[in-house]
Amino acid sequence: MIDHISVAVRDLDRAARFYEAVLAPLGLTRLVTRPATIGFGKAYSEFWINLRAGMAGAEEGSGVHIALRARSTADVDAFHAAALASGGRCDGPPGIRPHDRVKYYAAFVIDPDGNRIEAVTFPQ
């Protein structure tokens, strides 16, 4: 349903280092580099970071939330660990999250610009 998504960042180099580490466990790599934007993906750029040097960081609890599919719980764990090691903050540690109709395994992080990013998988 969604072809691609982008998030605004204040420091493109810092964000690139963060997202290269965080997206690698999910199988996404840097595919496109332009002066003010970088695209990550598997076959084409599905996740973009765009330089917005003058913006303020996202406000805590702003509602910004992007969930990315992981292949396994180990990939979710690796995503979370990479985020914390690369300057992100934990917004929900890896674990099972049972809900009404489905149980899923996820971890939530906040990137250096305040964007809330989740990695999720649906274990059997």
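The structure displayed is predicted, hence computed values, not measured ones. Counting restarts for each chain: residues are numbered from 1 in the order of the written sequence. It should be noted that, the model being predicted, local features are given only for residues of pLDDT at least 70 and side-chain atom pairs only at 80 or more, the latter also being counted only at that level, while totals for whole chains, interfaces and linings use all residues. With hydrogens and water excluded, all non-hydrogen atoms of the structure serve as input to the side-chain values.

S.K.: I keep staring at the overall build of the protein and nothing clicks. Help me out?
M.R.: Counting from the N terminus, the helices are DSSP H or I runs at least four residues long and the strands are E runs at least two residues long. Along the protein, the regular secondary structure elements total two helices and eight strands. Going residue by residue from the N terminus, the α and β elements of the protein occur as β-α-β-β-β-β-α-β-β-β. Relative to its length of 124 residues, the protein is compact, with a C-alpha radius of gyration of 14 Å against a globular reference of 14 Å. Once the C-alpha set of the protein is aligned to its principal axes, its extents read approximately 45 × 35 × 30 Å. Of all 124 residues assigned to the protein, the portion counted as buried reaches 41%. Working rule for contacts: check all heavy atoms of both residues, and any pair within 4.5 Å makes them a contact. In the protein, the share of contacts with a sequence separation of at least 24, taken over all contacts with a separation of at least 6, comes to 54%. Note that the radius of gyration is over C-alpha atoms, with the globule rule given as 2.2 Å times the number of residues to the power 0.38. Exposure categories follow from relative accessible area, calculated using a 1.4 Å probe and restricted to protein chains: below 20% of the type maximum is buried, above 50% is exposed, and the middle band is partly exposed.

S.K.: Explain the packing of helix α1 (residues 12-23) against helix α2 (residues 73-85) to me, please; I cannot follow it from the model alone.
M.R.: Think of two packed helices as two axes; the pair is described by the angle between the axes and how far apart they sit. Where helices are involved, their axes are fitted lines through C-alpha atoms of the stretch in contact, as for all axes, and angles between N-to-C directions lie from 0 to 180°. Relative to each other, α1 and α2 sit at 160°, their axes nearing to 8 Å. Here α1 lies roughly antiparallel to α2, going by the angle between them. Along this stretch, α1 crosses α2, giving a crossing that reads as right-handed. Between α1, through Phe 18, Ala 21 and Val 22, and α2, the contact on the second element is made entirely by Phe 79, Ala 82 and Ala 83. A per-class count over the contact of α1 with α2 returns six nonpolar, no polar and no charged. For this classification, under 35 degrees means roughly parallel, over 145 means roughly antiparallel, 65 to 115 means roughly perpendicular, and everything else is oblique. It is the rotation of the near helix from the far one that decides the hand of a crossing: anticlockwise by less than a right angle makes it left-handed, clockwise makes it right-handed. Ten residues, namely Ala, Val, Leu, Ile, Met, Phe, Trp, Tyr, Cys and Pro, are considered nonpolar, four, namely Asp, Glu, Lys and Arg, are considered charged, and the remaining ones, Gly among them, are considered polar.

S.K.: Is there a simple way to explain the sheet that holds strand β6 (residues 89-98) in this structure?
M.R.: Each strand in a sheet pairs with its neighbour through backbone hydrogen bonds, running either in the same direction (parallel) or in the opposite one (antiparallel). Pairing is mixed across the open sheet formed by four strands, whose spatial order is β5-β8-β7-β6. Of all the strands in the sheet, the pair left with one neighbour each is β5 (65-69) and β6. Ignoring strand direction, the axes of neighbouring strands in this sheet form an average angle of 20°. Pairing of β6 with strand β7 (residues 103-110) involves seven bridges; the strand directions are antiparallel. Looking across to β7, one finds that Arg 89 is bridged to Ile 110. Seen against the sheet, α2 touches β6, β7 and β8 (116-121) and runs at an angle of roughly 10° to β7. Here a strand pair is declared whenever DSSP counts at least two bridges between the two strands.

S.K.: Looking at this structure, how should I read the sheet that holds strand β4 (residues 45-51)?
M.R.: Spatially, β1-β4-β3-β2 is the arrangement adopted by the four strands of the open sheet, whose pairing is mixed. Either end of the sheet is taken by a strand with one partner, and the two such strands are β1 (5-9) and β2 (29-34). The mean inter-strand angle of the sheet, taken between neighbouring strand axes irrespective of direction, is 20°. Across five bridges, β1 lies against β4 in parallel orientation. Directly across from Ile 5, in β4, lies its bridge partner Phe 47.

S.K.: What is the right way to look at the pairing of β2 in this model?
M.R.: For a regular strand, side-chain orientation follows a simple rule: the groups alternate between the two sheet faces. Of the strand pairs in this sheet, β2 and strand β3 (residues 37-41) are connected by five bridges, and their pairing is antiparallel. Paired with Arg 30 across the bridge in β3 is Phe 40. Hairpin connection between β2 and β3: a loop of two residues separates the two successive antiparallel strands.

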